[in-house]
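Residue-level structural notes
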Amino acid sequence: MRGDNITTEEQRRQLLEELFEKKKAGKLTPAERFKIPPQPMPEQDHNDRRHNVNEVALGCTETAARLEALRCLQCKNAPCIKGCPVQIRIKDFVAAIADGRYEEALDIIKENSLLPAVCGRVCPQEVQCQQTCTVGVKFKDPTKAVSIGRLERFVADHGLAPRVRGDKLAPAEAGAGTATDEGPGTSLAVAPQTGMRVAVIGSGPGGIVAAADTRRAGHDVTIFEAFHKPGGVMVYGIPEFRLPKAIVQKEIDTVTKMGVKIICNFIVGRTRTIEQLMNEDGYDAVYIGVGAGLPTFMGIEGESLIGVYSANEYLTRANLMRAYDFGKSSDTPIARPKKVAVIGGGNVAMDSARMAVRLGAEKVYLVYRRTENEMPARIEEVRHAKEEGVEFRILQSPKRIIGDENCHVVGIECLKYRLGDPDASGRRRPIPIEGSEFTIDLDAVIIAIGNVANPLIRQTTPALAFNKRGNIIVDEDCKTSMEGVYAGGDIVLGAATVILAMGQGRIAAAAINEYLARKKETAKQPTDRRLNI
Amino acid sequence: MPHKIVSKRQLSQDIFTAEIEAPLIAQARSPGQFVIISINNQYAERIPLTIADADAGKGTIRLIWQRVGKTTAELADLQVGDEIANISGPLGRPTRIENFGTVVCVGGGIGSAPLLPIAKALKDAGNKIISIIGAQSKNLLILEDEFRRISDELIVTTDDGSYGRKALVTEPLKEVCQRKAKPDRAFAIGPAIMMKFCAEVTRQFDIPIQVSLNTIMVDGTGMCGGCRVEIDGKPKFVCVDGPEFDGHKVNFDLMIKRLNAYSSQEQQAYEHYKKFSRRRHGDGPGWTTDNG
Ligand SMILES: Cc1cc2nc3c(=O)[nH]c(=O)nc-3n(C[C@H](O)[C@H](O)[C@H](O)COP(=O)(O)OP(=O)(O)OC[C@H]3O[C@@H](n4cnc5c(N)ncnc54)[C@H](O)[C@@H]3O)c2cc1C
Ligand code: SF4
Ligand code: FES
């Protein structure tokens, strides 16, 4: 097949028809599959998107998705599945997409992941399933692997979209995430009431999954959230242009429809403690999913100057409180600096830099002390940031932040770095080059070098065991040192990923369901205390 | 969970107080703690306010605020029966209440509100209480009767001399510190600049002073760092490490500058609100609007 010069949708359709016929006849060879070009993901033009917060990646068309799915070799050993933190049956859902069986594809994903529309967008696939994918390995380029994440997003959005067009798929806009309809494959089935009560602390991805899974077993579930809106990092951290809030809201609506109660503005440890929830308020089990919400600062001179933000503050003002709409629907102020440096190289740094672009900065520097190879951010975010004009300053790091007489930031003094031998994280260690100081003129600095555990739960729950870094210690069932108390996500793993948090939420929920079943069994004596709920 | 306003009163020209339903917070709070509120829609500004008092039995908390910006003006426009969408708390560490001996409590302007429950608790713990409360002028003075009731001695000052002694609070504070029976401890709550000078006065006499800082906040749980101040040269988060700190260690100059970081945008939001809000009856004097 002449795969290389396929550019129009029409050509793509023809190619798909041809290949699909062959496949049905059992004649599509691996060599032919290799020849199918990686399918594009339409994106907002980078000049336009600098001025709006709409989603950048627009979602691929049905034809492109099916062609992409046909690139999959259906490997016997399916190394992709081993690369997936929650072992989604990738090979099978990709095969279903190739055949146009989208609902089935979605059901397969939902066996292991409750939030495919989210994960399809934010998972670092290039170091998970797509890193181990045979196709990528064959091309010696993980970006040429089967685009598993895009396919996941494709079916999830298809499921979210109103299903009015029958079997004909909605075109690219279907991915825009404005859909409001009930999707297929979202399991609302809930077992009969057990009379047991579960408290879920924190409404991030781990909490949402733990709530859904325990509710499904028939327990009475309440999520307690400190902020005034549920969703965790998915609403206050990851920006709209990468993860539309309507999609997160949809997932939250699903759990509330299942009967999960969400109480916002409730800070466990302050409003009530875990012990009070269990001993006085009648909760039989608890899942702690409070995330890693404490920003790390660098400890250098000038960090308290006006114009120095933690990425958390900057992104929260921008996302959760919509500061980009200041004066319209929002009254949360945010600084609109012209020259900004973001310190760090992870997703949080990319998000901050790209948000600064959208808030009108003329010059945005990303200052990172290692090289692009060591950056923990998703490859796609790095590319998007560059396209949007963010200037990468690698092998540099601030030594101090310089302020004027009014304590406003006017610049940073940086040192240059070189890479030494690998450190404990396996990445090459950055070593400052003495005497290499230079300055960059700025009016804001955003520090995005990481988050650690918030000590509030620790300070208010003496019976709970923590490690040195302040993370909760759990066993393989996500059980903590306290009876009936389970934990997962960033508060256990340190700042990690959405999928890992989800995975732990699921493991914990299974363990909680088992624990409560046992508890109910032993409590079957006539003294049942709360028949009225 | 919306929170209903049970009662509301105007204490002076721009100072209001309301009793608001918040049963869990009423039960959990201790003197010195605060809440973060946002009034209506989900993108509203979040502001911290100290819990002036609470009635756990009735399930209400009392807030006192001064109309200085958009959110406080909007709050002032709410009436009994209206609801506040979001209140979270109680936040911050409670005040350490002990029997220190003689304590001098200095409240400036609206700062007298959060000071009152602390002074009360100190009194109950057996301390001798000397209170100094001050305001710019008579019509901004609040809680005089309440302070008189719990204080062994009360000194009232106004900047313009329209009531009480014409002085800044630091003047009588200095005199009290000079007395033979030197106070054992001081508490000061008010504008940052006032707390700064109170700290300087007490430093000369080697009297420890607690101050309560009211910085800009977002989450109030330690998540953003926007509330950070320098204590003894090190960054601390007011919402979780405070709000009370050793006044001799606070870098007030930096804090004062940080407080003004958003002032132009805040002013803009406030002007906008004043222009477009329909002001309701019962506000007493104060700014007027086109819709008066
Ligand atoms: C800017 C940014 C970008 C990111 N990008 C990606 C990405 O592209 N891909 C990816 O996989 N991961 C990404 N991550 C990481 C990912 O978001 C987190 O790993 C994940 O959200 C952790 O989930 P969690 O379940 O632990 O809870 P979180 O999402 O951390 O949520 C915890 C919730 O608990 C609440 N809470 C905290 N304390 C209390 C309390 N005491 N009482 C009640 N509620 C409380 C918080 O308000 C919050 O809502 C990003 C993180 C950030 C900050
Ligand atoms: S490794 Fe790649 S090619 Fe093989 S089954 Fe998985 S997705 Fe398909
Ligand atoms: S208000 Fe965000 S850390 Fe204190």
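Conventions and cut-offs
- Residues numbered from 1 in each chain as written.
- Chains lettered and ligands numbered in written order.
- Predicted model: local features only at pLDDT ≥ 70, side-chain atom pairs only at ≥ 80, totals over all residues.
- Heavy atoms only, no water.
- Near = heavy atom within 4 Å.
- Helix = DSSP H or I, 4+ residues; strand = E, 2+ residues; numbered from the N terminus.
- Nonpolar A, V, L, I, M, F, W, Y, C, P; charged D, E, K, R; others polar.
- Polar contact = N/O pair within 3.5 Å; in protein donor to acceptor, adjacent residues only side chain to side chain.
- Areas by Shrake-Rupley, 256 points an atom, 1.4 Å probe, with all protein chains shown as cover.
- Pairing = 2+ DSSP bridges.
- Axes fitted to C-alpha atoms, helices over the stretch in contact; angles between N-to-C directions.
- Contact = heavy atoms within 4.5 Å.
- Core = buried A, V, L, I, M, F, W, Y, C linked by side-chain atoms within 4.5 Å.
- Buried < 20%, exposed > 50% of the residue type's maximum accessible area, 1.4 Å probe, protein only.
- Domains from an automatic or database assignment.
- Buried area = accessible area lost by both parts, 1.4 Å probe.
- Salt bridge = Lys/Arg side-chain N within 4 Å of Asp/Glu carboxyl O.
- Parallel < 35°, antiparallel > 145°, perpendicular 65-115°, else oblique.
- Left-handed = near helix turned anticlockwise from the far one by under 90°.
- Phe/Tyr/Trp six-rings, centres within 6.5 Å; stacked < 30°, edge-to-face > 60°.
- Lys NZ or Arg CZ within 6 Å of the ring centre and 35° of its normal.

All names here are of chain A. Surveying the vicinity of ligand 2 reveals the residues Cys-72, Leu-73, Cys-75, Pro-79, Cys-80, Lys-91, Cys-133, Thr-134, Val-135 and Ile-148. Sorting the residues of the shell around ligand 2 by element identifies helix 5 (79-83) and helix 10 (134-139) as the ones contributing at least two each. Looking at the shell around ligand 2 residue by residue, the classes come out as eight nonpolar, one polar and one charged.

Residue and element names in this part refer to chain A. What surrounds ligand 1 is a group of 35 residues, the closest being Val-122, Glu-225, Arg-242, Val-268 and Asp-490. One nitrogen or oxygen atom from the main chain of Gly-206 is found 2.9 Å from an oxygen atom belonging to ligand 1. Within the backbone of Val-268, a nitrogen or oxygen atom sits 2.9 Å from a nitrogen atom of ligand 1. The fraction of the free accessible surface of ligand 1 (1,000 Å²) that becomes covered by protein chains is 94%.

Before going further, it helps to spend a moment on the sheet that holds strand 14 (residues 444-447) of chain A. Residue and element names in this part refer to chain A. Sheet architecture is open: five strands sit in the order 6-14-7-8-9, paired in parallel fashion. Only two strands of the sheet have a single neighbouring strand rather than two, namely strand 6 (308-310) and strand 9 (391-394). Across this sheet, the average inter-strand angle for adjacent strands is 20 degrees, counted without regard to direction. Inspection of the sheet shows strand 7 (residues 339-343) paired to strand 8 (residues 363-368) by five bridges, in the parallel sense. Bridged to Ala-341 within strand 8 is Tyr-365. Packed on one face of the sheet, helix 16 (residues 311-318) meets strand 6 and strand 14 and runs near 80 degrees to strand 6.

Right, let's get into the nonpolar core. Ranked by size, the top nonpolar core spans 80 residues in total, and within it Ile-90, Phe-93, Ile-97, Val-118, Leu-151 and Val-155 of chain A carry the most contacts. Considering every element that reaches this core, the biggest residue donor is helix 21 (residues 498-522) of chain A, with eight residues. Of the domains in this structure, domain 1 (3-164) and domain 2 (177-293 + 454-524) of chain A are the two that each give at least three residues to this core. Setting aside anything within four residues of it in sequence, one finds Val-155 of chain A in contact with Ile-97, Tyr-102, Ala-105, Leu-106 and Ile-109 of chain A. Core analysis: the next-biggest nonpolar cluster, separate from the first, contains 58 residues, Leu-294 of chain A together with Val-104, Met-194 and Met-255 of chain B among them.

All right, on to the pairing of strand 1 (residues 3-12) of chain B then. Residues and elements named next belong to chain B. Where strand 1 lies against strand 6 (residues 83-84), two bridges are found, and the strand directions are antiparallel. Across the sheet, residue His-3 finds its bridge partner in strand 6, namely Ile-84. The turn joining strand 1 and strand 2 (residues 15-21), which pair antiparallel and follow one another in sequence, is formed by two residues.

This brings us to the domain arrangement of chain B. Residues and elements named next belong to chain B. Structurally, chain B comprises domain 1 (3-92 + 264-280) and domain 2 (102-259). The distance between the C-alpha centroids of domain 1 and domain 2 comes to 22 Å. Each partner contributes to the interface: domain 1 provides 22 residues, whereas domain 2 provides 24 residues. Both faces considered, domain 1 and domain 2 share a buried interface measuring about 1,700 Å² in area, 63% of it formed by carbon and sulfur atoms. Linking domain 1 with domain 2 are one salt bridge. Among the salt bridges present, the one from Lys-120 reaches Asp-53, with a minimum N-O distance of 3.6 Å. Going through the elements one at a time, strand 1, strand 3 (34-38), strand 4 (47-55) and strand 5 (60-66) are the ones with two or more residues in the side of domain 1 that touches domain 2. If you tally residues by element for the side of domain 1 that touches domain 2, the top one is strand 4, at five residues.

Right, let's get into the packing of helix 12 (residues 205-216) of chain A against helix 21 of chain A. Residues and elements named next belong to chain A. Taken N-terminus to C-terminus, the directions of helix 12 and helix 21 make an angle of 30 degrees; their axes are 7 Å apart at the nearest point. In this view, helix 12 runs roughly parallel relative to helix 21, as classed from their interaxial angle. Along this stretch, helix 12 crosses helix 21, giving a crossing that reads as right-handed. Counted together, Pro-205, Gly-206, Val-209, Ala-210, Asp-213, Thr-214 and Arg-216 of helix 12 and Val-498, Ala-501, Met-502, Gly-505, Arg-506, Ala-509, Ile-512 and Asn-513 of helix 21 form the full contact between these two elements. Its residues placed into classes, the contact of helix 12 with helix 21 shows eight nonpolar, four polar and three charged.

Moving on: the packing of aromatic side chains. Residues and elements named next belong to chain A. Under the counting rule described, the total for this entry stands at ten aromatic pairs over all chains. Judged by centre distance (5.9 Å) and plane angle (90 degrees), the ring pair of Phe-34 and Phe-139 falls under edge-to-face. On the criterion of sequence distance, the pair formed by Phe-34 in helix 2 (residues 30-35) and Phe-139 in helix 10 is long-range, its members being 105 residues apart. Taken together, the ring pairs connect Phe-224, Phe-266 and Tyr-283 into an aromatic cluster. The ring of Phe-34 has Lys-138 sitting right over it, with the charged end atom 4.8 Å from the ring centre. Here Arg-197 stacks its cationic end above the ring of Tyr-283, 4.4 Å away from the centre of that ring.

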